[in-house]
Amino acid sequence: MNFVEELRWRGMIHDVMPGTEEQLEKELTSAYVGIDPTADSLHIGHLVGVMMLKHFQACGHKPLVLVGGATGMIGDPSGKSQERNLLDEESLRHNQACLKKQLALFLDFDSSLPNGAELVNNYDWMKEFTFLEFIRDIGKHITVNYMMAKDSVKKRLGEESRVGMSFTEFTYQLVQGFDFLHLYREKNCKLQMGGSDQWGNITTGTELIRRKERGEAFAMTCPLITKADGGKFGKTESGNVWLDPEKTSPYHFYQFWMNTSDSDAEKYIKIFTMLTKDDVETLAKEQAEAPHLRAMQKRLAEEVTVMVHGREAYDSAVEASQILFGKATTEALRKIDEQTLLAVFEGVPQFTVDKALFAEGVNVVDLLAEKATVFPSKGELRRTIKGGGMSINKEKVTDAELSVDASALLNDKYLLVQKGKKNYFLVIAQ
């Protein structure tokens, strides 16, 4: 496969330096993408760069992931980001190990392969580098005029900017440029990829390689991903959508992709899956003919969720999503794990009762109108039962004398009470 052509039809190229395609056709080439290591998990905002590397490896080339440990030690030089906090080395190493485990879901790190992926950390080569060495060996090769001409610098120093720019921020492009130079020397890395906002920093690296080594290196960027409504991709009301199931449950992860708009789904399926052009065109045709069936969103959610969390977690998320639409059975409800159950019913009214009540059984009316006030009165509860409007764990309750015992508890702890079609309540026994 031609890597540049593959990314081009997927809408994943913003800028590409002349000669890049010829370099990739000429020989097996190494390329890197940088990742901020200030958390112990990737989030979906990282996935564009990771998917670029995945396609790169699929095309026979060697992907490098650079964990920015040195920049993690600086923190956010502008002081504006809450996410890029200053980290100690132990935390960085922990985060690096966690990130590698997640990256292995996308990249093959088999060292016996000529194009096996590698993870590198710029802290390893920056930690011994003194300031004097840096300004002597690197700083003198790039002029201030060259650095000032970068769009990222111009914007921060322009008339509309009241904040200005710190020395650390200004020299960041030199630090990133040196990373590229180091990987060029040590790993024969000739291409750096990243978001379109990184173009200036990446080309500083190619210029440094040209001036220091008289070598040729290349740059490629992808567009910054946005939503059709102009909102920021990858953020929800509760924050980032993480790959770590402890931070974002597989159910919520699946729902994020299911909830994308039609226009976004067609864009995202090209970027975040390995589906072929023919697959995507077939799905687009299905979507156009029956948009209400949401074929594109379903396939997108399946592909990404299976890639990150596995088939079992995907199947569980699909089953869980059926619960709210009234299609799930009691059996399906019992199979769902506690984390998914709580994710599905996040925000529904909850009532806590003493678990001892269930030891010998408790009358359903006493339980739901007295111990847990799901119903305001026993009379209303009896009328609802008589009218067939109440169920427990998706089973309709037909007898007001029903005794509820511990065997009814989901995950040995929960009762799902439903009043009418859409009103859910969670009773927690503890």
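Residues numbered from 1 in each chain as written. Predicted model: local features only at pLDDT ≥ 70, side-chain atom pairs only at ≥ 80, totals over all residues. Heavy atoms only, no water.

Student: Please provide a residue-by-residue account of the overall build of the protein, values included.
Tutor: A tally of helices and strands in the protein yields 20 helices and 15 strands. Each principal axis of the C-alpha distribution contributes one length, and for the protein these read about 85 × 50 × 45 Å. Each of the 430 residues in the protein was classed as buried or not, and the buried ones make up 51%. Counting only contacts in the protein whose residues sit at least 6 apart along the sequence, the fraction spanning at least 24 positions is 71%. A total of about 21,100 Å² of accessible surface is found on the protein, and carbon and sulfur atoms cover 49% of it. Taking the average place of the 52 positive charges on the side chains of the protein and the average place of its 62 negative ones, the gap between the two points comes to 3 Å. (Helix = DSSP H or I, 4+ residues; strand = E, 2+ residues; numbered from the N terminus. Buried < 20%, exposed > 50% of the residue type's maximum accessible area, 1.4 Å probe, protein only. Contact = heavy atoms within 4.5 Å. Areas by Shrake-Rupley, 256 points an atom, 1.4 Å probe, with all protein chains shown as cover. Lys, Arg positive; Asp, Glu negative; His and termini not counted. Charge placed at Lys NZ, Arg CZ, Asp CG, Glu CD.)

Student: Any chance you could break down the pattern of salt bridges for me, citing the residues and the numbers?
Tutor: By the definition in use, this model includes 18 salt bridges. Linking E6 and R10 is a salt bridge whose minimum nitrogen-to-oxygen distance equals 2.8 Å. Notably, a salt bridge pairs R185 with E213, separated by 2.9 Å at the nearest N-O pair. Remark: E213 occurs in helix α11 (residues 199-213) and R185 occurs in helix α10 (residues 167-187); sequence separation between them is 28 residues. The structure contains a network of salt bridges with shared partners spanning K62, E118 and K187. (Salt bridge = Lys/Arg side-chain N within 4 Å of Asp/Glu carboxyl O.)

Student: How would you sum up the nonpolar core? Please name residues and give values.
Tutor: Counting 60 residues, the largest nonpolar core has F3, I44, F106, M193, M220, W257 and F272 as the members making the most contacts within it. Not counting the four nearest positions on each side in its chain, W257 is found in contact with I44, F233, Y268, F272, Q297, L300, A301 and V304. In terms of nonpolar packing, the next biggest core, distinct from the first, is built from 27 residues, F170, L174, L183 and A217 among them. (Core = buried A, V, L, I, M, F, W, Y, C linked by side-chain atoms within 4.5 Å.)

Student: Tell me about the sheet that holds strand β14 (residues 414-419), and please be specific about residues and values.
Tutor: Spatially, five strands are ordered β9-β15-β14-β11-β12 in an open sheet, and the strand pairing comes out mixed. Edge positions in the open sheet fall to β9 (350-353) and β12 (395-396), since each of these has one partner strand only. As judged from the three bridges shared by strand β11 (residues 390-392) and β14, these two strands associate in the antiparallel manner. By the bridge assignment, M390 is partnered in β14 with K419. Sheet contacts for helix α19 (residues 364-371): β9, β11, β14 and β15 (423-429); angle to β11, the most-contacted strand, approximately 100 degrees. (Pairing = 2+ DSSP bridges. Axes fitted to C-alpha atoms, helices over the stretch in contact; angles between N-to-C directions.)

Student: Give me the packing of α19 against helix α20 (residues 378-386): which residues, what numbers.
Tutor: The N-to-C vectors of α19 and α20 enclose an angle of 130 degrees; their axes lie 9 Å apart at closest approach. In terms of their interaxial angle, α19 and α20 are classed as oblique. When you trace α19 past α20, the crossing you get is right-handed. Facing V364, V365, D366, L368, A369 and E370 of α19, the residues of α20 in contact are K378, L381, R382 and I385. (Parallel < 35°, antiparallel > 145°, perpendicular 65-115°, else oblique. Left-handed = near helix turned anticlockwise from the far one by under 90°.)

Student: Could you give an account of the environment of A31, with specific residues and numbers?
Tutor: Mapped onto the elements of the fold, A31 is located in strand β2 (residues 30-35). Relative accessible area serves as the criterion here: at 0%, A31 is assigned to the buried category. Once the C-alpha coordinates of A31 and H61 are considered, the two residues, 30 residues apart in sequence, prove to be 8.0 Å apart. When near neighbours in sequence (up to four residues on either side) are disregarded, A31 contacts L53, F56, K62, P63, L64, C189, L191 and M193.

Student: A description of the packing of aromatic side chains should follow, citing residues and the corresponding values.
Tutor: A complete count under the given rule lists 16 aromatic pairs for this structure. Judged by centre distance (5.0 Å) and plane angle (75 degrees), the rings of F3 and F56 are edge-to-face. With F3 in helix α1 (residues 3-9) and F56 in helix α3 (residues 47-58), this residue pair connects regions lying 53 residues apart in the sequence. Here F3 matches F56 in class, with each residue buried. Ring plane angle 65 degrees and centroid distance 6.2 Å describe the contact between F253 and W257, whose orientation is recorded as edge-to-face. (Phe/Tyr/Trp six-rings, centres within 6.5 Å; stacked < 30°, edge-to-face > 60°.)

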